[in-house]
Amino acid sequence: NDVVNPDTYERLSISARENGLYVVTLNRPSKRNALDVATIEELIRFFSGARMAGVKAVLLAGEGDHFCAGLDLVEHWKADRSPEDFMHVCLRWHEAFNKMEYGGVPIIAALKGAVVGGGLELASAAHVRVIDPGTYFALPEGQRGIFTGGGATIRVSDMIGKYRMIDMILTGRVYQGQEAVDLGLAQYITGDGGSFAKALELAEKVAQNLPLTNFAICSAVSHMNNMSGMDAAYAEAFVGGIVNTQPAARARLEAFANKTAARVRPNS
Ligand code: 1HE
């Protein structure tokens, strides 16, 4: 399938691992993986087609020392865009990030260095974020004289609460380390330089889940969060009806009934 053919990408490097796991790496380290129009279009292409191409999980990473420096400010400055043009740029970002969050393919982000502005917006469209002690989050838009446009008002405020998000963009506050995890910007922290290995471990594990189950987890939860409680309960019953009766689950249920499946135990 052309969607997973690495030769058809310039801004992303795509590499297949076992079990339908793909590593997708932002590949413009000389510009700190800043998000230009071409990168966003490639993200849309990959994440729109991933599921149909058999992608079971994605590890999202950045080449070089930084995950992503956000909007390509130089491209933006040179293009001197009209309001209408930039509205359409933002809509393409939303297309990419919505495909990620709602697309049903689990995305584990291995973060390092700067995860700032649109880089944080991109990271927040992943389902699981792993950081190391050198990873730092910020929304420098306030200082640059601009505003967000790639979903920070939605996803970053969802992660940390609207007043923390407002503080980040207003004052340029930087979060990192355990505090970033405690606030909800990431779910895991590793030792120095360990975020890729940990994200890989998680992605490999997640790729073992049934694809329909992963689809529900990485699509339905987000949709249901947008609904009223009553509607979400109704939709959950529908999704549960389909996923919880899938034929592929029977072997796993049988293994539990036969006492051959692993039990849930506390962390040792
Ligand atoms: C860039 C960008 C970029 C680096 N657009 N070219 N984002 C920001 O405000 C963050 C801007 N970037 C930085 O603060 C720093 O570059 C970093 C902390 C990420 C990295 O620092 P450092 O010292 O390793 O690199 P550098 O020397 O600043 O930059 C190296 C090169 O990357 C340089 O290019 P060169 O051709 O001069 O070598 C930089 O110009 C280039 N570069 N960041 C373009 N962002 C839909 S709305 C979203 C709104 C936002 O995302 S606003 C947040 C923008």
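Just so we're clear, the structure is a prediction, and the values are computed from it rather than from any experiment. (Residues numbered from 1 in each chain as written. Predicted model: local features only at pLDDT ≥ 70, side-chain atom pairs only at ≥ 80, totals over all residues. Heavy atoms only, no water.)

### Some words on the overall build of the chain
1) Next: In terms of regular secondary structure, the chain is built from twelve helices and nine strands.
2) Next: Relative to the 2.2 N^0.38 estimate, which gives 18 Å for 268 residues, the radius of gyration of the chain is 19 Å and therefore close to what a compact globule would have.
3) Next: Based on the C-alpha atoms only, the size of the chain along its principal axes is roughly 65 × 40 × 40 Å.
4) Next: For the chain, buried positions account for 46% of its 268 residues. (Helix = DSSP H or I, 4+ residues; strand = E, 2+ residues; numbered from the N terminus. Rg over C-alpha atoms; globule rule 2.2 N^0.38 Å. Buried < 20%, exposed > 50% of the residue type's maximum accessible area, 1.4 Å probe, protein only.)

### Describing the sheet that holds strand β4 (residues 107-110)
1) Next: Read across the sheet, six strands follow the order β1-β2-β3-β4-β6-β9 without closing on themselves; strand pairing throughout is mixed. At either margin of the open sheet sits one strand with a lone partner, and together these are β1 (12-16) and β9 (188-189).
2) Next: The sheet contact formed by strand β6 (residues 128-131) and β9 spans two bridges and is parallel. Looking across to β9, one finds that Ile 131 is bridged to Ile 189.
3) Next: In this fold helix α1 (residues 37-49) packs onto β1, β2 (21-26), β3 (57-62) and β4, with an angle of close to 25° to the strand it touches most, β1. (Pairing = 2+ DSSP bridges. Contact = heavy atoms within 4.5 Å. Axes fitted to C-alpha atoms, helices over the stretch in contact; angles between N-to-C directions.)

### Thoughts on the sheet that holds strand β5 (residues 114-116)
1) Next: Here we have three strands laid out as an open sheet, ordered β5-β7-β8, and mixed in their pairing. Of all strands in the sheet, those bounded by a partner on one side alone are β5 and β8 (175-176).
2) Next: The sheet contact formed by β5 and strand β7 (residues 136-138) spans three bridges and is parallel. Bridging from a neighbouring strand, Val 115 pairs with Phe 137 of β7.

### Describing the site of the ligand
1) Next: Not every one of the 26 residues close to the ligand is listed here, only the nearest: Lys 31, Ala 69, Leu 71, Gly 118 and Arg 144.
2) Next: Between the ligand and the protein, one listed contact pairs an oxygen atom with a backbone N or O atom of Leu 71 at 2.8 Å.
3) Next: Leu 73 places a main-chain nitrogen or oxygen 2.9 Å from a nitrogen atom of the ligand.
4) Next: Protein coverage of the free-state accessible area of the ligand, which is 1,000 Å², stands at 69%. (Near = heavy atom within 4 Å. Polar contact = N/O pair within 3.5 Å; in protein donor to acceptor, adjacent residues only side chain to side chain. Areas by Shrake-Rupley, 256 points an atom, 1.4 Å probe, with all protein chains shown as cover.)

### Remarks on the environment of Leu 210
1) Next: Here Leu 210 lies in the loop between α9 (195-206) and α10 (211-225).
2) Next: The class for Leu 210 is buried, based on a relative accessible area of 13%.
3) Next: The spacing of Leu 210 and Ala 248 is 38 residues in sequence and 7.4 Å in space, taken between C-alpha atoms.
4) Next: When neighbours within four sequence positions are excluded, Leu 210 is seen to be in contact with Gln 246, Ala 248, Ala 249 and Arg 252.

### Here's the deal with the domain arrangement of the chain
1) Next: Domain annotation for the chain reports domain 1 (2-206) and domain 2 (227-257).
2) Next: One C-alpha centre belongs to domain 1, the other to domain 2, and the line joining them spans 30 Å. (Domains from an automatic or database assignment.)

### What about the confidence of the model for the chain?
1) Next: Overall, the prediction assigns the chain a mean pLDDT of 98, with 100% of residues at 70 or greater.
2) Next: The element-level mean pLDDT for the chain is lowest in helix α5 (residues 141-144), coming to 96, with β4 highest at 99. (pLDDT = per-residue confidence, 0-100.)

### Concerning the state of the cysteines
1) Next: Scanning the model with the defined rule gives zero disulfides in all.
2) Next: We note that Cys 68 lacks a disulfide partner, and the nearest cysteine sulfur, in Cys 90, lies 15 Å from it. (Disulfide = S-S within 2.5 Å.)

### Some remarks on the environment of Phe 97
1) Next: One can find Phe 97 in helix α3 (residues 83-102).
2) Next: The contacts of Phe 97, once residues within four sequence positions are left out, are Leu 35, Ile 40, Leu 43, Gly 118, Glu 121, Leu 122, Ala 125, Gly 150 and Arg 155.

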